[in-house]
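Spelled out, the chains give:
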Amino acid sequence: MIVLGIESSCDETAAALVKDGNIILSSVIASQTEIHHQYGGVVPEIASRMHINAIVPVIDQALKDAGMSIEQIDGVAATRGPGLIGALLVGFSFAKAFAFARGLNLVGVNHLEGHIYSSFLSEDCPEFPFISLVASGGHTNIYHVDSHDHFELMGQTRDDAVGEAFDKVSKMLGFGYPGGSIIEELAKKGNPDKIKFPRTLLEKDSFDFSFSGIKSSVLRYITEHKNEIKDLIPDIAAGFQAAVIDVLTIKLIKACLKKKCTAIAITGGVSANDTFYKYLFDKALKYGFKIYVPKKEFCGDNAAMIAARGYRMLLNKNYSTFDHDVFSRNKINSTGIKK
Ligand code: KG4
Ligand code: ZN
C-alpha cells in the first residue's frame, strides 16, 4: 500500500510517499525556519501563508523523487492536530480535496502519534512494548507503547515543552529560533558542571515534567552576570542542556523500569540532540535498555512519520470523513492517545 503523507502542523510543509508503512519512497520537507528566525519564534499567520505556497510544489516533488504518478497512490494521511489551526487547515484541506478527487481513503493523523511512528521508519526499530518520548517544541510526553493501537500517556510537561525551553534560553542568550541546535553547538565549547542549574523532578512517582523553573534560573543567572556574560555563554548553554538531559533521562529510565520494558525510543526535534542520545545511551547501558532514535531528518516534523502512522489507520479502516475538522490541542482518547 502506497500512502501519501502530508504534514503542516507548524513551520514545515512536508510530503512523503511511504510503502507498507516503513519503506520510504520519498520525503520532502520545506522548512520555514529562516523566515520565522527573524521574529524569534513561529508567526502563525506567516506560517499558514507559506504552507499555501509550498503545499503543491512539495507534493509534486515527493512524487518526482519517488518516480511515481498520482495514480499509484493508494491512500492519503494528513496531520489533523495538534498544531496551529491555520497551518493544519492547509495540509488537511488539501488532503481532503485530493482524496475526494482521486476517490481515495483519507486518515487524519494525530501529530504526536506520528512522532511515535518515526521510530518505525528504520529497519532497526523497537519491538513492543517500549517507552516512547515525544520531545518537541510543543510537547514533552512519555508513552508506554504496547501495540500499534495502544499508547498510554504516562507523563507530560506541566508548563514549557523541552524544545520550547531550548528556544527560550537561546533567545535569552541573544541567539535566535529554533534554539535547540544553537544551544547544543554552544554547549560543546562549555563546561556542563560549571553552573549547576536545578533538576525539577516533581513528585516521586510522577512522570510529568516542568521546565519553567530551569528557564527562570537561567534568566536569573544571566541577569546577575550581565557584565561577564559573553565569556559565560558556552558554560550557561552546557549547564542548561546537562540539567534538561538529566531530567529526561531519569524519567525515561524510571518509566522503562516501571513498565518492565527493555527499549526506549526518543522522537521529536529534541531527539536530534546527540549529547542527549549519548547521555541516555550511557545511562541505559547499566540496565541493558536499548535506545532508538530516528535518522536526523525524521526527528523533527516530517511527513514520512505521518504516512507511517496513517498506514496503520488505513489498515484499521479508521478513516476521516470530509466533515472532520483539524484541532489545535490534543483530544483525549480521540485517536488512541490516552491522557
Ligand atoms: O518536532 P519539531 O521539529 O516540531 C514540533 O513539533 O515542535 O521540534 C522542534 C523543536 C524546537 O523547539 C527545537 O529547538 C528543538 O526541537 N530542537 C532541538 C534540537 N534540534 C531541534 N532541541 C535540542 N537539541 C537539538 N539539537
Ligand atoms: Zn512535531
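Keep in mind that this is a model prediction, so the values were computed, not measured.

1. Side note on the overall build of the protein chain
Reasoning step 1: Looking only at helices and strands, the protein chain has 10 helices and 11 strands in total.
Reasoning step 2: Computed over C-alpha atoms, the radius of gyration of the protein chain comes to 20 Å, within 12% of the 20 Å expected from 2.2 N^0.38 for 339 residues, which places it in the range of a compact globule.
Reasoning step 3: Oriented by its inertia axes, the alpha-carbon framework of the protein chain measures out at about 60 × 45 × 35 Å.
Reasoning step 4: Considering only residue pairs separated by 6 or more positions, the protein chain has 72% of its internal contacts joining residues 24 or more positions apart.
Reasoning step 5: Of the roughly 14,700 Å² that the protein chain leaves accessible, carbon and sulfur atoms contribute 53%.
Reasoning step 6: In the protein chain, the 37 positive side-chain charges and the 38 negative ones have mean positions that sit 5 Å from each other.

2. Some details on the coordination of the zinc ion (ligand 2)
Reasoning step 1: With distances of 2.0 to 2.1 Å, the protein atoms coordinating the zinc ion (ligand 2) are H111 (NE2), H115 (NE2) and D301 (OD).
Reasoning step 2: Bound by 4 donor atoms, the zinc ion (ligand 2) shows angles of 94 to 144° at the metal and therefore irregular coordination geometry.
Reasoning step 3: Each donor residue of the zinc ion (ligand 2) lies on one chain, and together they are spaced H-x3-H-x185-D. Pair noted here: H111 is in helix α4 (residues 111-117) and D301 is in the loop between β10 (290-292) and α10 (304-315), with a separation of 190 residues, a long-range link.

3. Quick notes on the site of ligand 1
Reasoning step 1: Not every one of the 21 residues close to ligand 1 is listed here, only the nearest: G137, D167, G180, E184 and N273.
Reasoning step 2: Here an oxygen atom of ligand 1 and a backbone polar atom of G163 are 3.1 Å apart.
Reasoning step 3: In the complex, 87% of the free accessible area of ligand 1, which totals 550 Å², lies under the protein chains.
Reasoning step 4: Only α4, α5 (162-172) and α6 (179-188) provide two or more residues apiece to the shell around ligand 1.

4. Some thoughts on the domain arrangement of the protein chain
Reasoning step 1: Partitioning the protein chain into structural domains gives domain 1 (2-116 + 298-315) and domain 2 (126-293).
Reasoning step 2: Taking only C-alpha atoms into account, the centre of domain 1 sits 27 Å from that of domain 2.
Reasoning step 3: For the pair domain 1 and domain 2, the summed buried surface comes to about 1,500 Å²; carbon and sulfur atoms form 68% of the total.
Reasoning step 4: When residues of domain 1 are sorted by the area they lose upon contact with domain 2, L112, I116 and C299 head the list and together hold 41% of the total.
Reasoning step 5: Between the two partners, domain 1 and domain 2, sit 0 salt bridges.
Reasoning step 6: Taken together, the links from domain 1 to domain 2 amount to 5 residue pairs in polar contact (both at pLDDT 80 or more).
Reasoning step 7: Within the residue set of the side of domain 1 that touches domain 2, elements represented by two or more residues are α1 (33-37), α4 and α10.
Reasoning step 8: A total of 4 residues in the side of domain 1 that touches domain 2 trace back to one element, the largest contributor, which is α4.
Reasoning step 9: For the side of domain 1 that touches domain 2, a count of residues per class yields 5 nonpolar, 7 polar and 4 charged.

5. Examining the pattern of salt bridges
Reasoning step 1: If you walk through the whole model with that rule in mind, you get 13 salt bridges.
Reasoning step 2: Ionic pairing is found between K259 and E152, a salt bridge with its closest N-O pair at 3.0 Å. In this pair, K259 is assigned in the loop between α8 (229-258) and β9 (263-267) and E152 in strand β8 (residues 150-156), connecting sequence segments 107 residues apart.
Reasoning step 3: Relative accessible area serves as the criterion here: at 25%, K259 is assigned to the partly exposed category.

6. A word on the environment of E185
Reasoning step 1: The topology assignment puts E185 in helix α6.
Reasoning step 2: Here the alpha-carbon distance between E185 and A238, two residues 53 residues apart in the chain, equals 9.2 Å.
Reasoning step 3: Engagement of the side chain of E185 in a polar contact is seen with the side chain of K188, the distance being 2.7 Å.

7. A closer look at the pairing of strand β1 (residues 2-7)
Reasoning step 1: Within β1, 6 of the 6 residues are buried, leaving the element largely enclosed by the surrounding structure.
Reasoning step 2: Where β1 lies against strand β2 (residues 12-19), 6 bridges are found, and the strand directions are antiparallel. Within β2, the residue paired with L4 across the bridge is L17.
Reasoning step 3: Note that β1 and strand β4 (residues 75-81) share 4 bridges and pair parallel. Directly across from L4, in β4, lies its bridge partner V76.

8. Some remarks on the sheet that holds β1
Reasoning step 1: Strand order in the open sheet made by the 5 strands is β3-β2-β1-β4-β5, with mixed pairing throughout. Two strands lie at the open edges of the sheet, namely β3 (23-31) and β5 (105-110), each paired on one side alone. Pairwise comparison of adjacent strand axes, ignoring direction, gives a mean angle of 20° for this sheet.
Reasoning step 2: Examined bridge by bridge, β2 and β3 share 8 bridges and lie antiparallel to one another. Of the residues in β3, the one forming a bridge with E12 is S31.

Thresholds applied
- Residues numbered from 1 in each chain as written.
- Chains lettered and ligands numbered in written order.
- Predicted model: local features only at pLDDT ≥ 70, side-chain atom pairs only at ≥ 80, totals over all residues.
- Heavy atoms only, no water.
- Helix = DSSP H or I, 4+ residues; strand = E, 2+ residues; numbered from the N terminus.
- Rg over C-alpha atoms; globule rule 2.2 N^0.38 Å.
- Contact = heavy atoms within 4.5 Å.
- Areas by Shrake-Rupley, 256 points an atom, 1.4 Å probe, with all protein chains shown as cover.
- Lys, Arg positive; Asp, Glu negative; His and termini not counted.
- Charge placed at Lys NZ, Arg CZ, Asp CG, Glu CD.
- Donors = N, O, S within 2.8 Å, 3.2 Å for Na, K, Ca; no water.
- Tetrahedral: all angles 85-135°; square planar, octahedral: opposite > 155°, others 65-115°.
- Near = heavy atom within 4 Å.
- Polar contact = N/O pair within 3.5 Å; in protein donor to acceptor, adjacent residues only side chain to side chain.
- Domains from an automatic or database assignment.
- Buried area = accessible area lost by both parts, 1.4 Å probe.
- Salt bridge = Lys/Arg side-chain N within 4 Å of Asp/Glu carboxyl O.
- Nonpolar A, V, L, I, M, F, W, Y, C, P; charged D, E, K, R; others polar.
- Buried < 20%, exposed > 50% of the residue type's maximum accessible area, 1.4 Å probe, protein only.
- Pairing = 2+ DSSP bridges.
- Axes fitted to C-alpha atoms, helices over the stretch in contact; angles between N-to-C directions.

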